[in-house]
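Each chain, written out:
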2 protein chains.
Amino acid sequence: MKNNTKIDNQEVRNKKSFVFDEESCPVTATMQVLGGKWKVILINAIYHTSPARFGELKRSVVGITQSMLTQQLRELEDDGLISRKIYAEIPPRVEYTLTEFGLTLAPIMQSMAKWGEEYRIKKQKVSIY
Amino acid sequence: MKNNTKIDNQEVRNKKSFVFDEESCPVTATMQVLGGKWKVILINAIYHTSPARFGELKRSVVGITQSMLTQQLRELEDDGLISRKIYAEIPPRVEYTLTEFGLTLAPIMQSMAKWGEEYRIKKQKVSIY
DNA sequence: AAAGTAAGTATGAAAAACAATACTAAAATT
DNA sequence: AATTTTAGTATTGTTTTTCATACTTACTTT
């Protein structure tokens with residue numbers, strides 16, 4: 001116990017004690033919104049093709065299913081990141097754009113895009129062709 | 001069909017046709033590595049507490065289970081983002097640090113941290129207390 | 001009259017992610 | 001001798017995601 005206290009003090013002295021949860025870690029908080037397989041990809045896609053139609057996203061976002069697309073778009077809308085504009089036409093037309101708030105994610109997407117490019121280069125170097 | 005072609009041409013004229021997959025979209029490529037509930041949070045935690053011991057991460061990363069922690073750390077190691085240093089001691093000691101490559105993720109974490117802080121402010125404004 | 005169109009909804013199933021619990025080793029401490 | 005410590009593994013179960021398929025509407029084109 002004495003020893004334990006000694007170690008604790010050492011730890012306190014040498015190292016801040018961090019807590020990573022939604023409350024105290026802003027990165028964790030961001031992940032609550034952007035988590036999931038498709039969120040970031042979709043935001044990025046809308047960012048680049050805005051205004052993006054539903055069918056357009058379905059074709060361009062490789063691998064996503066229609067129901068996933070619908071669901072994720074709804075969640076992004078609920079979080080205030082994208083807006084959905086319905087045209088009263090037949091056949092229907094719906095256009096998605098980033099809201100002003102959604103546009104504040106641009107730096108995240110840009111840093112990810114940059115990293116992804118470098119990652120691709122790194123992978124090429126490792127591959128054995 | 002004639003009409004269809006007309007619309008297609010219009011689209012080609014007015015809008016680039018994007019494809020969002022791992023090959024052609026660097027953001028999507030990044031998400032292959034950082035996807036999942038814990039990856040970004042863990043990288044961020046190690047970034048801030050490096051060198052981070054296993055038990056330390058288990059305590060500080062709120063909500064993660066031991067098996068999840070082990071699994072995610074292994075995957076991050078396999079992707080070359082973190083390194084694992086084992087000390088031949090009893091009881092065991094293992095320290096995790098970001099590799100040089102892992103450190104290249106810093107801009108992503110920083111942009112996420114910044115956004116998370118602003119998101120918190122926005123949520124406060126909306127709440128009804 | 002049948003087929004095509006866009007943007008969905010609904011349903012059920014499969015797959016992946018995640019969680020809980022118990023267990024281990026080898027030395028130090030009580 | 002029992003307990004504590006750290007960093008796990010193994011097993012089983014639950015929950016969440018994701019997928020596949022069929023269906024809808026109301027108008028246009030064939």
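Up top you'll find the structure we're talking about.
No experiment lies behind these values; they were computed from the predicted model shown.

1. Notes on the side chain of T49(A)
With respect to the helices and strands, the residue T49(A) is situated in helix α3 (residues 39-49). Polar contacts involving the side chain of T49(A) include one to the main-chain carbonyl oxygen of A45(A), which spans 2.7 Å.

2. Quick word on the relation of the copies chain B and chain A
Note that the two copies of the chain are related through a rotation about an axis and a translation along the same axis. It takes a turn of 180° to lay chain B on chain A, together with a shift of 0.0 Å along the axis; the resulting RMSD is 0.0 Å. Put plainly, the chains are arranged around a two-fold axis. Counting the interface residues of chain B, we find that 100% of their copies in chain A are interface residues as well, pointing to one common contact surface.

3. Considerations on the environment of G116(A)
Relative to the elements of secondary structure, G116(A) occurs in helix α7 (residues 106-126). Residue G116(A) is classed as buried on the basis of its relative accessible area, which comes to 0%. Sequence separation between G116(A) and E75(A) is 41 residues; the distance between their C-alpha atoms is 25 Å. Not counting residues within four places of it along the chain, the set of residues in contact with G116(A) comprises P26(B) and T30(B).

4. Focus: unusual backbone geometry
Residue P51(A) is reached from S50(A) by a cis peptide bond, and omega for that bond is -5°. Following the sequence through the fold, P51(A) ends up in the loop between α3 and β1 (52-53).

5. Digging into the protein's contact with DNA strand C
Around DNA strand C, a shell composed of 20 residues is seen, among which G55(A), Q66(A), T70(A), R84(A) and K37(B) lie nearest. At 3.3 Å from a phosphate oxygen of DNA strand C is found a main-chain nitrogen or oxygen belonging to V94(A). Between S67(B) and DNA strand C, the recorded distance is 3.4 Å, taken from a side-chain N or O atom to a base nitrogen. Of the residues contributing to the surface near DNA strand C, the split by class is 9 nonpolar, 6 polar and 5 charged.

6. Some remarks on helix α5 (residues 66-78) of chain A
Residue and element names in this part refer to chain A. Compared with an ideal rise of 1.5 Å per residue, which puts 13 residues at 18 Å, α5 spans 18 Å between its outermost C-alpha atoms and is within 8% of the ideal. Three or more residues of α5 are buried, namely L69, Q72, L73 and L76. Burial along α5 is one-sided: seen end-on, the buried residues are contained in an arc of 105°. More than 90 degrees from the buried face of α5, the exposed residues found are S67 and D78. Buried residues in α5 make contact with α3, α4 (54-60), β2 (82-87) and β3 (93-98). Following α5 by one or two positions, G80 adopts a phi angle in the positive range, close to 80°.

Rules of the game
- Residues numbered from 1 in each chain as written.
- Chains lettered and ligands numbered in written order.
- Predicted model: local features only at pLDDT ≥ 70, side-chain atom pairs only at ≥ 80, totals over all residues.
- Heavy atoms only, no water.
- Helix = DSSP H or I, 4+ residues; strand = E, 2+ residues; numbered from the N terminus.
- Polar contact = N/O pair within 3.5 Å; in protein donor to acceptor, adjacent residues only side chain to side chain.
- Least-squares fit on C-alpha atoms with pLDDT ≥ 70 in both.
- Contact = heavy atoms within 4.5 Å.
- Buried < 20%, exposed > 50% of the residue type's maximum accessible area, 1.4 Å probe, protein only.
- Near = heavy atom within 4 Å.
- Nonpolar A, V, L, I, M, F, W, Y, C, P; charged D, E, K, R; others polar.
- Expected span 1.5 Å × (residues − 1).
- Arc of directions from axis to C-beta.

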